[in-house]
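Structural overview for review
Here is how the chains run, residue by residue.
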Protein chains: 2
Amino acid sequence: MLAVSLNDGVVTVAEAPRPSRPHGHALLHLRMAGICNTDLELQRGYYGFSGVPGHEFVADVVEADTAELVGRRVVGEINLECGECSWCRRGLGRHCPHRTTLGIAGWPGAFQEYFTLPERNLHLVPDSVSDEDAVFAEPVAAACEILDQVEIPLAEPVAVLGDGKLGLLVALVLAGHGCRVELFGHHEAKLALTAPAGVIRHLNEEGAPASFDFVVEATGSAEGLMQAVRMTRPRGTVILKSTVHGSVALDAAPIVVNEITLVGSRCGRFAAAMPLLSAHAIPLAGMVSARYPLAQAAHAFEHAARRGTLKVLLLP
Amino acid sequence: MLAVSLNDGVVTVAEAPRPSRPHGHALLHLRMAGICNTDLELQRGYYGFSGVPGHEFVADVVEADTAELVGRRVVGEINLECGECSWCRRGLGRHCPHRTTLGIAGWPGAFQEYFTLPERNLHLVPDSVSDEDAVFAEPVAAACEILDQVEIPLAEPVAVLGDGKLGLLVALVLAGHGCRVELFGHHEAKLALTAPAGVIRHLNEEGAPASFDFVVEATGSAEGLMQAVRMTRPRGTVILKSTVHGSVALDAAPIVVNEITLVGSRCGRFAAAMPLLSAHAIPLAGMVSARYPLAQAAHAFEHAARRGTLKVLLLP
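1. Examining the packing of helix 4 (residues 137-149) of chain A against helix 5 (residues 165-177) of chain A
Residue and element names in this part refer to chain A. Taken N-terminus to C-terminus, the directions of helix 4 and helix 5 make an angle of 55 degrees; their axes are 9 Å apart at the nearest point. The angle between the axes of helix 4 and helix 5 places the two elements in the oblique class. Judged by the sense of rotation from one axis to the other, the crossing of helix 4 with helix 5 is right-handed. Across the interface between the two elements, Pro139, Val140, Ala143, Cys144, Ile146 and Leu147 of helix 4 pack against Leu169, Val170, Val173, Leu174 and His177 of helix 5. Class assignment for the residues of the contact of helix 4 with helix 5 results in 10 nonpolar, 1 polar and no charged.

2. Some words on the interface of chain A and chain B
Contact with chain A, which involves 37 residues of that partner, is made by 37 residues of chain B. The three residues of chain A that bury the most area against chain B are A:Arg235, A:Val256 and A:Glu259, which together make up 20% of that side's buried surface. For the pair chain A and chain B, the number of links is 2 salt bridges. For the salt bridge of B:Arg235 with A:Glu145, the shortest nitrogen-to-oxygen distance reads 2.8 Å. Counting residues per element, the ones that place at least two in the side of chain A that touches chain B are helix 4, strand 15 (232-240), strand 16 (248-250), helix 8 (253-257) and strand 17 (261-264) of chain A. Within the side of chain A that touches chain B, the residues separate by chemical class into 18 nonpolar, 11 polar and 8 charged. In terms of strand pairing, strand 16 of chain A meets strand 16 (residues 248-250) of chain B through 3 bridges, oriented antiparallel. In the sheet register, A:Ala249 faces strand 16 of chain B, and the bridge partner there is B:Ala249.

3. With respect to the relation of the copies chain A and chain B
It takes a turn of 180 degrees to lay chain A on chain B, together with a shift of 0.0 Å along the axis; the resulting RMSD is 0.0 Å. The transformation just described matches what one would write down for a two-fold rotation axis. The fraction of interface residues of chain A whose copies in chain B are also interface residues reaches 100%, indicating that both copies meet through the same surface.

4. Notes on the confidence of the model for chain A
Looking at chain A, the pLDDT average stands at 94 and 100% of residues meet or exceed 70. Per the prediction output, this complex has pTM 0.92; the corresponding ipTM is 0.92.

5. Some thoughts on unusual backbone geometry
Even without being a glycine, A:Glu259 presents a positive backbone phi close to 50 degrees. With respect to the helices, strands and loops of the structure, A:Glu259 is situated in the loop between helix 8 and strand 17. A positive phi angle, near 65 degrees, is found at B:Arg235, a position not held by glycine. Mapping B:Arg235 onto the fold places it in strand 15 (residues 232-240). With a relative accessible area of 27%, B:Arg235 lands in the partly exposed category.

6. As for the environment of A:His123
Residue and element names in this part refer to chain A. Mapping His123 onto the fold places it in strand 10 (residues 122-124). On the accessibility criterion, His123 (19% relative accessible area) is buried. Sequence-distant contacts of His123, defined by excluding residues within four places in its chain, comprise Arg73, Val74, Val75, Glu77, Phe270, Ala271 and Met274. At 3.0 Å, the side chain of His123 forms a polar contact with the side chain of Glu77.

7. Remarks on the pattern of salt bridges
Oppositely charged side chains are able to pair whenever their charged atoms sit close together. Per the counting criterion, the structure on display carries 28 salt bridges over all chains. One salt bridge in this structure joins B:Asp213 and B:Arg233, with 3.2 Å as the shortest N-O distance. In this pair, B:Asp213 sits in strand 14 (residues 212-217) while B:Arg233 sits in strand 15, placing the two residues 20 residues apart along the sequence. Through salt bridges with shared partners, a single ionic network connects A:Arg31, A:Asp60, A:Arg73 and A:Asp131.

8. Structural notes on helix 5 of chain A
Residue and element names in this part refer to chain A. The terminal C-alpha atoms of helix 5 lie 18 Å apart, and with 13 residues this matches the ideal 18 Å at 1.5 Å per residue to within 8%. Judged by how many residues are buried, helix 5 sits mostly within the fold: 10 of 13 residues are covered. Among all positions of helix 5, only Lys165, Gly167, Leu168, Leu169, Val170, Ala171, Leu172, Val173, Leu174 and Ala175 are buried. At the C-terminal side of helix 5, Gly178 shows a positive phi close to 115 degrees.

9. What about the sheet that holds strand 11 (residues 157-161) of chain B?
An order of 13(A)-12(A)-11(A)-14(A)-15(A)-17(A)-17(B)-15(B)-14(B)-11(B)-12(B)-13(B) is seen for the 12 strands of this open sheet, with the pairing classed as mixed. Looking along the sheet, the strands with just one partner apiece sit at the ends: strand 13 (200-203) of chain A together with strand 13 (200-203) of chain B. For this sheet, the mean inter-axis angle between neighbouring strands, taken without regard to orientation, is 20 degrees. As judged from the 4 bridges shared by strand 15 of chain B and strand 17 (residues 261-264) of chain B, these two strands associate in the parallel manner. Bridge pairing in strand 17 of chain B places B:Leu240 opposite B:Gly264. Across the face of the sheet, helix 5 of chain A comes into contact with strand 11 (157-161), strand 12 (180-185) and strand 14 (212-217) of chain A while running at roughly 165 degrees to strand 12 of chain A.

10. Some thoughts on the side chain of B:Asp133
Residues and elements named next belong to chain B. Mapped onto the elements, Asp133 comes out in helix 3 (residues 131-134). Despite its burial, Asp133 pairs with no opposite charge; the closest candidate is Arg291, at 8.9 Å N-O. If near-sequence neighbours (up to four positions away) are discounted, Asp133 is found in contact with Leu277, His280 and Leu284.

11. Describing the environment of A:Val125
Residue and element names in this part refer to chain A. Along the chain, Val125 turns up in the loop between strand 10 and helix 3 (131-134). On the accessibility criterion, Val125 (6% relative accessible area) is buried. Sequence-wise, Val125 and Val75 are 50 residues apart; in three dimensions their C-alpha atoms are separated by 6.8 Å. What Val125 contacts, discounting residues up to four positions off in sequence, is Val58, Arg73, Val74, Val75, Ala134 and Met274.

12. Re helix 4 (residues 137-149) of chain B
Residues and elements named next belong to chain B. Taking 1.5 Å as the rise per residue, helix 4 with 13 residues should run 18 Å; its terminal C-alpha atoms sit 18 Å apart, in good agreement. The principal kink in helix 4, of about 25 degrees, is found at Ala143. Judged by how many residues are buried, helix 4 sits mostly within the fold: 10 of 13 residues are covered. Listing the buried residues of helix 4 in full gives Ala137, Glu138, Pro139, Val140, Ala141, Ala142, Ala143, Cys144, Glu145 and Ile146.

13. Some words on the pairing of strand 15 of chain B
Residues and elements named next belong to chain B. By the criterion of burial, strand 15 is predominantly enclosed, with 7 of the 9 residues buried. Here strand 14 pairs with strand 15 via 5 bridges, running parallel. What sits directly across from Glu217, in strand 15, is Leu240. Regarding the hand of the β-α-β motif, the stretch spanning strand 14, helix 7 (residues 224-231) and strand 15 is right-handed.

14. Let's talk about the sheet that holds strand 7 (residues 100-102) of chain B
Residues and elements named next belong to chain B. Across the sheet, which stays open at both edges, the 3 strands sit in the order 6-7-8 with mixed pairing between neighbours. Looking at strand neighbours, the two that pair on one side only are strand 6 (79-80) and strand 8 (106-107), the edges of this open sheet. For strand 6 and strand 7, the ladder comprises 2 bridges, and the chain directions are antiparallel. Counterpart to Asn79 in the pairing with strand 7 is Thr101.

Rules used throughout
- Residues numbered from 1 in each chain as written.
- Chains lettered and ligands numbered in written order.
- Predicted model: local features only at pLDDT ≥ 70, side-chain atom pairs only at ≥ 80, totals over all residues.
- Heavy atoms only, no water.
- Axes fitted to C-alpha atoms, helices over the stretch in contact; angles between N-to-C directions.
- Helix = DSSP H or I, 4+ residues; strand = E, 2+ residues; numbered from the N terminus.
- Parallel < 35°, antiparallel > 145°, perpendicular 65-115°, else oblique.
- Left-handed = near helix turned anticlockwise from the far one by under 90°.
- Contact = heavy atoms within 4.5 Å.
- Nonpolar A, V, L, I, M, F, W, Y, C, P; charged D, E, K, R; others polar.
- Buried area = accessible area lost by both parts, 1.4 Å probe.
- Salt bridge = Lys/Arg side-chain N within 4 Å of Asp/Glu carboxyl O.
- Pairing = 2+ DSSP bridges.
- Least-squares fit on C-alpha atoms with pLDDT ≥ 70 in both.
- pLDDT = per-residue confidence, 0-100.
- Buried < 20%, exposed > 50% of the residue type's maximum accessible area, 1.4 Å probe, protein only.
- Polar contact = N/O pair within 3.5 Å; in protein donor to acceptor, adjacent residues only side chain to side chain.
- Expected span 1.5 Å × (residues − 1).
- Lys, Arg positive; Asp, Glu negative; His and termini not counted.
- Bend = angle between axes of the 7 residues up to and from the residue.
- Right-handed = clockwise from strand over helix to strand, strands pointing away.

Structure (C-alpha cells):
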C-alpha cells in the first residue's frame, strides 16, 4: 500500500506494509483526507515530527472487533486517550497526558491507504453526508470547541478575525449555531463563501475599538492577537484559535485594564460536529481548493502551503 | 491646605485652596493615604498624568449632603461613574466609559489635606478597623476582584507569583477566602508576612510545569506571564494582575494547545473587601514600610520606588 512520510521537512511517498490491527482498534481504508495547517507546521519542523502525517479523514472500516463496524464509513477523533486518568474520566481525553495523536504525535496518520484507530474514536457518517463534507469533521469539531468552552448568547454579535480555512470554518459554525457573525478578512472571494450562512463580511477593515463582547482570533498572524484585544469590550472574551509559533509581542496592559478574558481553544468533540454536518447546517461548498492522489502528496503539500489556498484533499 | 502634585514626573507639595464640594459629593479630610504602584507609573509618565495623585485613603467626612455622614470615618471607591450607561446599570461602573478616577484620570486625588468624592462612593469604616488596615481597602478590593471574576473552589490550590505588595495582598485575600495558597517569590522576609495566613511559601523556586489549575500573575515583570502559563494545567486559568507597560514576549501556542484561560483583573468592589477587613481576616501587619507627612511626599515617592519596599503611607 502507499504511505506518505514526512522526514526533515521532505514529503515522500513509498510502498509500505499494511499496518497490523491492535486489539480494540479498527483497520481503516482511506476514502479522503485533508491537509491541515498543522500538517504544514509538522513539515516546517515544529514538534520534531517524522512519520506518516494526516488527521482529517473519511475512511471505510475493513476490520474491527465489533462486527457491525465492518464496511461502515467513518470519521474519527484524533486523540488516542489512556481512558483511565483524571482527564479521560472528565471527558477531556483531548488533554490526556498519556495520549498519542493520529498523524501528529506517536500514532501513524491518515495519509496512507490503510491505518488504525481505536474503535471508540470512530463516528459513523450518515449516508446523507458526502465524503467532501465528512472530511471536515475534525476542523468543524475544532470550531465547535469554542461553544463548549465559552457561553455565547444566541444572536450575540461575534467577530471572527481571519478568512483562512480556520476563520471561515469558525464563522460558518458559529453562524450555524445561531450567532450573529461578523468576519474580518482580506480576500473578497473567501469572505463570500460565508454569505450563504448570513455572515456579515468586512473586507480590509479594522474593527472599531471595543466593539464586540466576543472576538475569535483565527488570523494565524502575530498581529491578530493585539487586533482582537483592541476590538474587545471591557469584560469581553477573546478566543484564541491560531497557533502562531514563536513569540508574539503582546501589550498586556489593556487586557488587565479592561479585564478581558483570553481563552485558548484547540480540538473539539466530534459529537458536537456530527449533528451540524448531518443537518447540512454548514455550507462547506467552495472550501476545497484542490484534490491530489496520495502518490502526488509532495505537490499537494506545496499547493496547500501557497497563500490563499483553502483545503487540499488527498485520495488513495 | 497642602496638596501634592505630579508634573512631568516631578513631585511637588504646595499650598492650594480647599476644593469646593459639588452637589452629591462629600468633602473629605485625609487621615492616611497609601502610595500604589499605579502612582509610581503615573510619575513615570504612563497615562500622561498631571495633577494631584492618590487613590488609597482613609478620611473623615467634613461636609456632605447626607447629614449622617458628617464626622464619619470612610474609605471610598475610586471610580466616579456616570451611573446611567449600560456598564453602570450592570454594576460595572468600574468600566464606565464616561468615568473619571480619583487621582488617576480626571479627578483630583487623595494626596492632599482635603478632597471630594461622590457620597455613593463612600464606605463607613467600623471602629474596630484601624486606619492602618482601612487604608488597604482599595488594594484588598482589587485582590477580591479575582474572586468576583473566577470561581475558585474552596481548598483548591492556587499559585500566586510575586511577593511585592500586590502578590502579598492577593495571597492574603485568597487565603482569607479559604483557598490553599502557594506563594512564589524571591524575598524571604516578605514571603514570611503571609505565614500567619497559612500560605505555603516558595523562595526562589520555579513552580513545576502544569502543576496548578489556578495561577495569579502578580510579579509585575515581563517574564511573569510566561512562567504563569507554564505552571498552569490544561484547561486551567491564569489571572493577570500586573500591568506591565510596553510589549511582553508571549508564546501563545501553549495557551491554545493546553486551552488555558487568561483573565485580566483590575479594581474590585469595596463591598467585597470591607467584610474581610472588619473580620480581621487578612493579617496586614508588616505591610507598611514607611510613613511620611504630605510635606515630604517627594521623599515618600522615592522610598516607594526603591526595590523591596512595601506600602509607603502619607499623613496630613
